[in-house]
Amino acid sequence: MATDTDTGVPSLRTPGRTPGRTSDGTSDGTSDGTSDQTLAGLDALDIPVGEQRPLARRTWSATWPKVAAFALFLLLWQAVVWSGWKPTYVLPGPDEALPEFFSQLGTADFWDALGRTLSRAGQGYALAVVIGAAVGLAVARFALLRTAVGSFITALQTMPSIVWFPLAILLFQLSESAIMFVVVLGAAPSVANGVIYGVDYVPPLLVRVGRSMGAKGFALYRHVVAPAALPSVLAGLKQGWAFAWRSLMAGELIVIVPGHPSIGANLQNARDLSDTVGVMVSMLTIFVVGVVVDAVFNALDRRMRQRRGLLAEGSAAVKAARGPRRPGPEAVAGPGAEPGAEPGGGHLPAPAGGAEGPSGTGV
């Protein structure tokens, strides 16, 4: 039995034959072709190659599922209206709500209300991110603080945002501060939990490697912990936005500041006037804003996963590494061929040296 002199491991090579060479010393093509293809495939796995599809095709691929889902929603809405469940002055159909929605897009009042609502959302969310990130880092860093207030953060996150408004109105009256107070309390716990869980699930090996390379203190968090915790942090940011948006809509329905138009105030005014078409228009506006912001977070998440190679299964790099599919022995030799038959009708040579197959003992 042949052995490798350097390792003592039994060799799987055929005695008297050099890999990539036939018995007469000529090249059999396996070493050059197969090895080069394999190495090229392994190299391609390390190259972040994205799918180079045309922009129009990528846009359409990302848009048509949403358009189809929205069309199905409109169809179901219209079907409920046609069923006569409620009179049309109580539940108008999309044929009334959509024209009014596009009509309001051309008015200055609509954009003033939308701008104020988005301004409140942006300010409250930014403040919640700062507070939530600071609290999350502190709780993740100090075990005593985690024991003291770790469960309180989750308890705050589970509280409905609307229960804070009586206290907010007592503290700040009907003002912008009351709305901002509730938005921050609604979003900050989600951001904090995202940071905590992200830091908790950083592999200890990465931290040890970072320290061995001289990273300490802020540099360790900046170059090791933060990149490793980013997926969980991004999930916490997305959930924090959802809580902030819900808290803001509840706040604008309850706390209507005179002279400050907003989407929530328009919704409440339409309800007071029994304007169901106006109610549906405000709800459509809230829905569209949510879809747009979700698309932004999804784009950031996809970019992050691409940079980390988590979308490699469908990338051009993996497709290139796999290479063209090779037909199996039966497909080449034809159906009904005997085992071991070559495509030309002969038989494969028996292994030299009495070596048996994988189930034998001669290897």
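Residues numbered from 1 in each chain as written. Predicted model: local features only at pLDDT ≥ 70, side-chain atom pairs only at ≥ 80, totals over all residues. Heavy atoms only, no water.

It is the contact of helix H4 (residues 108-141) with helix H9 (residues 218-254), at a shortest axis distance of 9 Å, that shows an interaxial angle of 140°. One element, H4, and the other, H9, form an angle in the oblique class. Judged by the twist between their axes, the crossing of H4 over H9 is right-handed. For the pair H4 and H9, contact is made by Thr117, Leu118, Arg120, Ala121, Tyr125, Val129, Leu137 and Arg141 and by Tyr221, Leu237, Lys238, Gly240, Trp241, Ala244, Trp245, Leu248, Met249 and Glu252, respectively. (Axes fitted to C-alpha atoms, helices over the stretch in contact; angles between N-to-C directions. Helix = DSSP H or I, 4+ residues; strand = E, 2+ residues; numbered from the N terminus. Parallel < 35°, antiparallel > 145°, perpendicular 65-115°, else oblique. Left-handed = near helix turned anticlockwise from the far one by under 90°. Contact = heavy atoms within 4.5 Å.)

Here the focus is the nonpolar core. Residues Trp241, Trp245, Leu248, Ile286 and Phe297 are the most contacted members of the largest nonpolar core, which totals 33 residues. Elements with a minimum of two residues in this core: H4, helix H6 (165-172), helix H7 (176-200), H9, helix H10 (263-272) and helix H11 (276-307). Sorting elements by how many residues they give to this core places H9 first, with 7 residues. Trp77, Leu98, Val281 and Leu284 belong to the second largest nonpolar core, which has 11 residues in total. (Core = buried A, V, L, I, M, F, W, Y, C linked by side-chain atoms within 4.5 Å. Buried < 20%, exposed > 50% of the residue type's maximum accessible area, 1.4 Å probe, protein only.)

This brings us to the packing of aromatic side chains. In this structure the tally under the stated criterion is 8 aromatic pairs. The interplanar angle of 85° and the centroid separation of 5.3 Å between the aromatic rings of Phe110 and Trp111 together place this pair among those described as edge-to-face. For Phe110, a relative accessible area of 6% puts it in the buried group. Cluster of aromatic residues (ring-pair linked, three or more members): Phe70, Phe73 and Trp77. (Phe/Tyr/Trp six-rings, centres within 6.5 Å; stacked < 30°, edge-to-face > 60°.)

Next up on the list: empty space enclosed by the protein. Over the atoms rolls a probe the size of a water molecule, and in doing so it shows where empty space is left. Taken as a whole, this structure holds 1 cavity of 30 Å³ or more when the rule is applied. Considered as a void within the structure, the largest cavity measures approximately 40 Å³ in volume. Contributing to the lining of the largest cavity are Leu156, Gln157, Met159, Pro160, Ser161, Trp164, Leu185, Gly186, Phe243 and Ser247. Among the elements of the structure, helix H5 (143-158), H7 and H9 are those that each provide at least two residues to the lining of the largest cavity. (1 Å grid on protein atoms, 1.4 Å probe; cavity = no way out; pocket = protein on both sides within 12 Å on 5 of 7 lines; lining within 4 Å. Points joined across faces, edges and corners; volume = space filled by probe spheres on them.)

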